[in-house]
Amino acid sequence: MGRIQRKRPFWSLAGPLLGYLLIRGVVEFCIQLAISFPRMMNVYYEMFEVNASPTMDDLTNAYVQAFQTVLEVVAEYQVEIASVSALCTVILTGILFAKDRKLERAYGILPPAKAPVKEYWKLLIFGAAGSVSASCLMAMAQLVLADGRYAQTSEVMYSAGLPVQLIGLGVIIPIAEEMMFRGILFRRYRENQRFWYSALCSSLIFSFMHTNTIQMIYGFLAGLMFCYLYDKFGSIKAPAFLHIVLNVSSVVCTETGVFRWLGVDPIRMAGATIGGAFICSVMFVLIQRLEGFGTQDSPREKEHSDDLF
């Protein structure tokens, strides 16, 4: 990448991330408040209708009952809430992304050559096979690690209706995450660092956004792949497309019972894991052979390409 000197390097990375988290937090809080307030008021109204002079115990019990109702409703609409909050962050990341491209032009940095759309079929097959293989691996890891948070997260994620899952989990959230963690963080790291340093740092931050050990590991490894594709294809569309394919494939396979069918037989699961990994390897080799697209390292970077940092 070309060299861009920012006045505040730390805040050029921390600022967008904090803004992203703040937007998601505020939007989720507002939605949850809008859901919870009427229901809590309804519980208290019913209590006062029955008992005009409630005791402190009555008020406490009413609060516990109302709070429990709110938690159930929020959990029921968790995917919708997460999708709306993710969609709101695209405004911030879209503005920052456009400003970064403008800054690059001001520094005389040429945009990377973008791979043509006809090359994206490799990502489609890679994502579909990778989704099956990775899901089987995570299921086997769940048996070993017995991560209760992973099971709880999976149950919440797939509790929504299929259209909501496809739109929210399959499209909105992947685009929002790619714009933030690859389009902003990885790209800004890449302004003055070599690929591996930029990919490791941005992927590590991305992994911390997940709430359980299994998904953190998966998020870190997937993040590295997304960064590689961004560099290789020269466009944020490549990692976003693969992220969408991974998530949509996972939703479809879950809802159609494919994963359930694989899970009842260890041999099927092992075969799907190995077969998916083999297909991914073949597609990765084909992707690696793409030449003339993406970010071109400077001569100094190429000279030290065998160094990690």
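Residues numbered from 1 in each chain as written. Predicted model: local features only at pLDDT ≥ 70, side-chain atom pairs only at ≥ 80, totals over all residues. Heavy atoms only, no water.

### Re the overall build of the protein
Logical step 1: When helices and strands are counted, the protein shows 12 helices and 0 strands.
Logical step 2: Each helix and strand of the protein, placed in order from N terminus to C terminus, yields the pattern α-α-α-α-α-α-α-α-α-α-α-α.
Logical step 3: Expressed as a percentage of its 309 residues, the buried residues of the protein come to 44%.
Logical step 4: Counting only contacts in the protein whose residues sit at least 6 apart along the sequence, the fraction spanning at least 24 positions is 81%.
Logical step 5: Summed over all atoms, the accessible surface of the protein reaches about 16,700 Å², with 68% contributed by carbon and sulfur. (Helix = DSSP H or I, 4+ residues; strand = E, 2+ residues; numbered from the N terminus. Buried < 20%, exposed > 50% of the residue type's maximum accessible area, 1.4 Å probe, protein only. Contact = heavy atoms within 4.5 Å. Areas by Shrake-Rupley, 256 points an atom, 1.4 Å probe, with all protein chains shown as cover.)

### Focus on a nonpolar patch on the surface
Logical step 1: A contiguous nonpolar surface patch, about 730 Å² in accessible area, is contributed by Phe10, Trp11, Leu18, Leu21, Leu204, Phe208 and Met209.
Logical step 2: Every element with two or more residues in the nonpolar patch is listed here: α1 (9-50) and α7 (195-208).
Logical step 3: For the nonpolar patch, the leading source of residues is α1, giving 4 residues.
Logical step 4: Inspection of the secondary structure assignment puts Met209 in the loop between α7 and α8 (213-233). (Patch = residues over 30% accessible without salt bridge, like charges linked within 9 Å, V, L, I, M, F, W, Y side chains within 5 Å. Salt bridge = Lys/Arg side-chain N within 4 Å of Asp/Glu carboxyl O.)

### Examining the confidence of the model for the protein
Logical step 1: For the protein, the average pLDDT comes to 86, and 87% of its residues sit at 70 or higher.
Logical step 2: Here residues 298-309 is a poorly scored stretch, pLDDT under 50, and it has 15 contacts once near neighbours within four places are set aside; other chains count. (pLDDT = per-residue confidence, 0-100.)

### A few points about the packing of aromatic side chains
Logical step 1: Within the structure shown, the criterion is met by 10 aromatic pairs.
Logical step 2: Relative to Phe195, the ring of Phe186 lies with its centre 6.0 Å away and its plane at 80°, an arrangement referred to as edge-to-face. Taken as a pair, Phe186 and Phe195 share a single burial class, namely buried.
Logical step 3: On the numbers, 5.4 Å between centres and 40° between planes, the contact of Tyr228 with Phe284 is tilted. With Tyr228 in helix α8 and Phe284 in helix α11 (residues 266-288), the pair connects residues that are 56 residues apart, well separated along the chain.
Logical step 4: The exposure class assigned to Tyr228 is buried, which follows from its relative accessible area of 18%. (Phe/Tyr/Trp six-rings, centres within 6.5 Å; stacked < 30°, edge-to-face > 60°.)

### Brief notes about the pattern of salt bridges
Logical step 1: Taken as a whole, this structure holds 10 salt bridges when the rule is applied.
Logical step 2: The shortest N-O distance in the salt bridge between Asp100 and Arg188 comes to 2.9 Å. On the criterion of sequence distance, the pair formed by Asp100 in helix α3 (residues 78-106) and Arg188 in helix α6 (residues 162-190) is long-range, its members being 88 residues apart.
Logical step 3: With relative accessibility at 2%, the residue Asp100 sits in the buried group.
Logical step 4: The exposure class of Arg188 is buried, given its relative accessible area of 10%.
Logical step 5: A salt bridge links Glu104 to Arg101; its shortest N-O distance comes to 3.0 Å.

### Things to note about the packing of α3 against α6
Logical step 1: The interhelical angle for the contact between α3 and α6, taken along N-to-C directions, is 30°, at an axis separation of 8 Å. Put simply, α3 runs roughly parallel to α6. In this structure, the crossing between α3 and α6 has a hand that is left-handed.
Logical step 2: Among the residues forming the contact of α3 with α6, the class breakdown is 15 nonpolar, 6 polar and 6 charged. (Axes fitted to C-alpha atoms, helices over the stretch in contact; angles between N-to-C directions. Parallel < 35°, antiparallel > 145°, perpendicular 65-115°, else oblique. Left-handed = near helix turned anticlockwise from the far one by under 90°. Nonpolar A, V, L, I, M, F, W, Y, C, P; charged D, E, K, R; others polar.)

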